[in-house]
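One letter stands for each residue in the lines below.
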Amino acid sequence: MTRSFEDLVAEAEAAPMEGWDFSWLDGRATEERPSWGYQRLLGERLGAATAALDVQTGGGEVLAGAGKLPPLTAATESWPPNVAKATRLLHPLGAVVVHDEDEPPLPFGDAAFDLVVSRHPVTVWWAEIARVLRPGGTHFSQQVGPASVFELVEYFLGPLPEEVRRARHPEDARRDAQAAGLEVVDLRAEELRTEFRDIGAVVWFLRKVIWMVPGFTVEAYRDRLRELHGRIGGEGPFVATTTRFLIEARKP
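Quick caveat: nothing in here was measured; it's all calculated off a predicted structure. (Residues numbered from 1 in each chain as written. Predicted model: local features only at pLDDT ≥ 70, side-chain atom pairs only at ≥ 80, totals over all residues. Heavy atoms only, no water.)

Novice: Any chance you could explain unusual backbone geometry here in plain terms?
Specialist: Among all residues except glycine, the phi angle is most often negative; among peptide bonds, the trans geometry is most common. Here the residue pair proline 104 and proline 105 is connected by a cis peptide bond, since its omega of 0 degrees sits within 30 degrees of zero. Despite not being glycine, alanine 111 has its phi angle at roughly 55 degrees, a positive value. Residue placement: alanine 111 occurs in the loop between strand E4 (95-99) and strand E5 (113-119). With a phi angle near 55 degrees, alanine 147 is a residue other than glycine that sits in the positive phi range. Here alanine 147 is to be found in the loop between strand E6 (133-144) and helix H6 (150-157). (Helix = DSSP H or I, 4+ residues; strand = E, 2+ residues; numbered from the N terminus.)

Now the structure itself:
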């Protein structure tokens with residue numbers, strides 16, 4: 001039996017938001033993964049490092065699942081519920097979690113780490129990454145690319161200016177890394193398919209990824225949500241394009 005709009009929305013509004021775990025969407029939304037396998041590559045680099053920093057760790061899930069951590073491992077996170085979750089997850093693995101507002105400076109001394117990593121950072125402070133890296137150290141990151149899931153974003157916000165659509169372009173990341181004194185040794189990008197199979201998945205996603213539709217609430221967008229609920233029911237999953245890029249940069 002098809003569930004009602006009200007039921008699906010109420011369920012999504014009541015769902016927990018802490019951490020960076022998207023398993024609530026299992027069976028309700030799908031996202032194609034990049035071919036390079038970030039977590040596997042992350043594990044290889046962690047295995048070769050002696051001191052590592054995970055910037056904007058979320059709930060610590062990606063770092064915890066990447067394999068054995070270096071002898072000295074730290075992670076930063078700004079949102080208090082995520083700090084608590086990451087602490088519970090990472091402390092038993094030997095990592096310390098530091099509350100940080102994601103604004104410069106990073107709370108570490110110069111040349112403190114030989115590996116700095118980050119998966120889907122909101123903002124990248126390249127000069128700070130370069131500062132805390134040791135000479136010969138590496139920054140390794142998977143990031144959200146330009147106009148990611150903008151089919152959904154523009155469904156609610158309308159057409160966005162080209163400068164907004166182009167933001168987070170991988171070539172800009174290359175430029176900024178080089179400006180901070182880093183040498184980019186790998187840069188690759190992919191476009192991937194994402195499907196939302198019910199309106200609850202849309203609501204949960206926009207509550208979770210708060211920068212997609214700033215200020216999103218169900219009440220503010222109830223009419224558009226109801227319209228989209230009908231569209232999914234009549235036409236099938238709402239399809240969007242996710243963009244991702246991988247960047248690796250070394251400090252000379």
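Novice: Hey, could you run me through a nonpolar patch on the surface in this one?
Specialist: A cluster of nonpolar side chains, contributed by Val122, Ile210 and Trp211, occupies part of the molecular surface with about 300 Å² of accessible area. Position of isoleucine 210 among the secondary structure elements: in the loop between helix H9 (199-208) and helix H10 (222-235). (Patch = residues over 30% accessible without salt bridge, like charges linked within 9 Å, V, L, I, M, F, W, Y side chains within 5 Å. Areas by Shrake-Rupley, 256 points an atom, 1.4 Å probe, with all protein chains shown as cover. Salt bridge = Lys/Arg side-chain N within 4 Å of Asp/Glu carboxyl O.)

Novice: How should I be thinking about the sheet that holds E5 in this particular structure?
Specialist: As summarised here, the arrangement of the eight strands in space is E1-E7-E8-E6-E5-E2-E3-E4, forming an open sheet in which the pairing is mixed. Of all the strands in the sheet, the pair left with one neighbour each is strand E1 (29-31) and E4. In this sheet, adjacent strand axes meet at a mean angle of 15 degrees when their direction is disregarded. One ladder, built from three bridges, connects strand E2 (residues 51-54) with E5; its direction is parallel. If you follow alanine 52 over to E5, its bridge partner there is leucine 115. (Pairing = 2+ DSSP bridges. Axes fitted to C-alpha atoms, helices over the stretch in contact; angles between N-to-C directions.)

Novice: Honestly, the environment of proline 105 in this entry has me stumped. Any pointers?
Specialist: Within the secondary structure, proline 105 is located in the loop between E4 and E5. We classify proline 105 as exposed; its relative accessible area is 53%. Setting aside chain neighbours within four positions, we find proline 105 in contact with Asp100, Glu128 and Arg131. (Buried < 20%, exposed > 50% of the residue type's maximum accessible area, 1.4 Å probe, protein only. Contact = heavy atoms within 4.5 Å.)

Novice: Looking at this structure, how should I read the packing of aromatic side chains?
Specialist: The description of an aromatic ring pair rests on the distance of the ring centres and on the angle between the ring planes. Following the criterion strictly, the structure yields 10 aromatic pairs and no others. Ring geometry for phenylalanine 22 against tryptophan 204: centres 5.5 Å apart, planes inclined by 80 degrees, an arrangement best described as edge-to-face. With phenylalanine 22 in the loop between helix H1 (5-14) and E1 and tryptophan 204 in helix H9, this residue pair connects regions lying 182 residues apart in the sequence. What makes phenylalanine 22 partly exposed here is its relative accessible area of 26%. Taking the centre distance of 5.2 Å and the plane angle of 65 degrees together, the rings of phenylalanine 196 and phenylalanine 205 count as edge-to-face. Comparing phenylalanine 196 with phenylalanine 205 shows no difference in burial state: the two are buried. By the ring-pair criterion, three or more aromatic residues cluster together here, those being Tyr155, Phe156, Phe216, Tyr221 and Phe238. Just above the ring of phenylalanine 140 sits the side chain of arginine 45; from NZ or CZ to the centre is 4.3 Å. (Phe/Tyr/Trp six-rings, centres within 6.5 Å; stacked < 30°, edge-to-face > 60°. Lys NZ or Arg CZ within 6 Å of the ring centre and 35° of its normal.)

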